[in-house]
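# An overview of the molecular structure
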Amino acid sequence: MNMEIKKIVVANRGEIALRIMRTAREMGIATVAVYSDADAHSPFVRFADEAVRLGPAPSSQSYLLMDSIIEVAKQTAAQAIHPGYGFLSENAHFAEKVEKEGLIFIGPTAAAIRIMGDKLSAKEAVSHFDVPLVPGSAGAIKNLAEAQEAIGRTGFPVLIKAAAGGGGKGMRIVERAEDFEEQMNLAVSEAQSAFGDGSVFVEKYVGSPRHIEIQILADSHGNVVHLFERECSVQRRHQKVIEEAPSAILSAELRAEMGAAAVNVARSCNYRGAGTVEFIFDENHNFFFLEMNTRLQVEHPVTECITGMDLVREMIYIAEGKPLSFSQEDLKIHGHSIELRVYAESPRNNFLPDIGTLREYRRPDGPGVRVDDGFEEGMEVPIYYDPMISKLVVHAQTRTAAIERMIRAIDEYKITGVETTLDFGRFVFQHPAFVSGDFDTHFVKNYFQPENLDSILTQEEEEVAALLAVSILESSKSSSRVSKGGQPQVKNATSEWKRNRGALS
Ligand code: ADP
C-alpha cells in the first residue's frame, strides 16, 4: 500500500503528542489533537491544527476510547492515527480496528503487537531465530514437576514472571528451593487477578544485570535496520529514569551482535515500523532477549541525537508504504547523548508522585540541549496520568562532555511548586559509579539515599561555598594574600572542594 498522509490524529497527550506534531508540521502534514478536560489548555492542544475533546480526565473516559478516536479521524478526514507511547499504542485490537476502518495505524501490524505483547509467545517466536534467551522454562509452567525440570537447568535464584506482565509487575524472585511452591502459587493467582491470565514461567535470575536495548526500524518491504543501543540501567521501581546512547561498556563487536539479534527479533514477527528490542546484559557480557516494545519509546531522543535521524518522520514514511531510504552501513554513531526523565515526584520519599502547580518553570537552553516537554509555567501536573514533566536530553562529543553538559543544564532548569527528579539526576551524574560506567539496574538500591540530596550543591552554591572557605581560611591566617592572589586561590579552593565533595555525599 502506498498512500500519502496529509493529516494525522495524534492519539496521545503531553510531550509526546507535541513531539509527534512538530515532525508532522515539518513534513507539511496537518495534525489533530484529541484531549481530555484535564488537558484542554495544554500546549499540544494549541499546537495542533485542529483539536477535539474526548471526555473527562480519566483515561478510560478519554485517551482509551478507541471508537471515539477513530470517529475523530473520520470526521476530520485524517488518513492516519499515531498512538505515541502508553495508552493505545500496544493495543492490537485498536490497531486492527483502525485498519478495518480504512485508516493507517502508524505502528506495527496487530499480529506483531499480539506476538510481542505476550512474553511467552514472544520467546516462542524468536526461538526459531538466532536470538539468545535467558535460560528457563520453554513455555508456561503448568505444574511443579515442569518448574523443577526448568530449575534443574537454571539453578537458584530464579525469577517467576507472568506471561502477560508489564511495567515491572508480576515478577517474583525465589532464592531457595523450599520457597518455590508457595511463591509459584502466589504468582499464578496474582497474575490471574492482575492480568486475567495466570500463565507464569521461570527464568534464571541475572544477579547484576544491565538493561540495554536496541532501536530498530523496519519497512513493509522486508528491510530492517538497527539504530544501535540505549543503556537504561538507572531505574527506580523497575522503571527507567536515565538513559544514554551509546552504552558506556559495549564494544563494537558486541554492538554488532546485539544489533543483529534485534533485527532477527523484528524478523521473527514480520515487524513494521519503529520498535525496541530489550536485552538483559550480565556481568560476563552475555546478553539475553527480554522483550520487544512495539512502539515509539519514551527515550527515543537519545537515539535521534547520536544518529541524526528523526524516528517519527521514519515511522510516517514507513506507514505510507515507502521503503527505508538508507541501509545499515549508512548509520553511524555521532557523539554521546543522555536523557533524564524529569518527573514530578519526590526522590526523598521513595519516588512517589508529587503533583501540583508549576509555580516557576524555566527550561535550560544553549548548545546541545533538547527539552521535550508539554508544560508551561502556571500549569498543573494532573494526577490522572504519568507524572513526567519533561525529558531533558543533551548531546555532546564525548560521554564526559555529555555528563558535564547535563549537570550544567540541570543547574539552569528552574522548577518550583513540585518536587522533581532533577536533583536526583545531579546526584547520579556526579556519582563515581555512573561516571565510570560501572553500574547496573541496582544503582538506586546500591548508592542512593535521600540524604544524598541534601549534600549536593549546584555550581553556583559550590562557588559561594568555596569563597566562604577561602575567606575563613584567610581570616584565620589574618594575612593580606587574599586581595593579591584572590582569583586563583578561589579557583583552587573550588576544585579542592569538588574533589572532596565525594566525602560529603
Ligand atoms: P516488564 O515487561 O514488566 O517491564 P521485563 O521483562 O522487561 O518486564 O523486565 C523489567 C526489568 O526487570 C528489567 O529491566 C530488569 O531490570 C529486570 N529483569 C527482568 N528479567 C530479569 C532476569 N531474568 N534477571 C534479573 N532481572 C530481570
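As shown above, the structure is provided for reference.
## Section: the environment of Asn12
You can see Asn12 is positioned in the loop between strand S1 (7–10) and helix H1 (14–26). Placed 50 residues apart in sequence, Asn12 and Ser62 show a C-alpha to C-alpha distance of 9.9 Å. Leaving out residues up to four positions away in the same chain, Asn12 has contacts with Ala17, Val34, Phe44, Tyr63, Pro83, Gly84, Tyr85 and Phe87. Reaching out from Asn12, the side chain makes a polar contact with the backbone oxygen of Pro83 at a distance of 2.8 Å.

## Regarding the site of the ligand
As a structural note, the neighbourhood of the ligand is formed by 20 residues, with Lys119, Lys161, Gly168, Lys204 and Val206 the closest of them. Measuring from a nitrogen atom of the ligand, one finds a backbone N or O atom of Lys204 at 3.0 Å. Between the ligand and His211, the relevant distance is 3.0 Å, taken from an oxygen atom to a side-chain nitrogen or oxygen of the residue. Across the complex, the protein chains shield 94% of the 560 Å² of accessible surface that the ligand would expose by itself. Per-class residue counts for the shell around the ligand are 6 nonpolar, 7 polar and 7 charged. Split by domain, the residues of the shell around the ligand number at least three in each of domain 2 (135–204) and domain 3 (207–334).

## Some points on the packing of aromatic side chains
Throughout the structure, instances matching the rule amount to 15 aromatic pairs. Seen from their ring centres, Phe87 and Tyr385 are 6.3 Å apart, and the 80° between their planes marks the pair as edge-to-face. Of this pair, Phe87 sits in the loop between strand S4 (80–82) and helix H4 (92–100) while Tyr385 sits in the loop between strand S18 (369–373) and strand S19 (388–396), placing them 298 residues apart in sequence. With relative accessibility at 9%, the residue Tyr385 sits in the buried group.

## Re the sheet that holds strand S10 (residues 224–236)
Spatial ordering of the open sheet is given by S13-S12-S9-S10-S11-S14-S19-S18, a layout of 8 strands whose pairing is antiparallel. Of all strands in the sheet, those with a lone pairing partner are strand S13 (287–293) and S18, marking the two edges. The sheet shows a mean angle of 25° between the axes of neighbouring strands, taken without regard to direction. With 4 bridges connecting them, S10 and strand S11 (residues 239–245) associate as antiparallel partners. What sits directly across from Arg236, in S11, is Gln239.

Cut-off values and rules
- Residues numbered from 1 in each chain as written.
- Predicted model: local features only at pLDDT ≥ 70, side-chain atom pairs only at ≥ 80, totals over all residues.
- Heavy atoms only, no water.
- Helix = DSSP H or I, 4+ residues; strand = E, 2+ residues; numbered from the N terminus.
- Contact = heavy atoms within 4.5 Å.
- Polar contact = N/O pair within 3.5 Å; in protein donor to acceptor, adjacent residues only side chain to side chain.
- Near = heavy atom within 4 Å.
- Areas by Shrake-Rupley, 256 points an atom, 1.4 Å probe, with all protein chains shown as cover.
- Nonpolar A, V, L, I, M, F, W, Y, C, P; charged D, E, K, R; others polar.
- Domains from an automatic or database assignment.
- Phe/Tyr/Trp six-rings, centres within 6.5 Å; stacked < 30°, edge-to-face > 60°.
- Buried < 20%, exposed > 50% of the residue type's maximum accessible area, 1.4 Å probe, protein only.
- Pairing = 2+ DSSP bridges.
- Axes fitted to C-alpha atoms, helices over the stretch in contact; angles between N-to-C directions.

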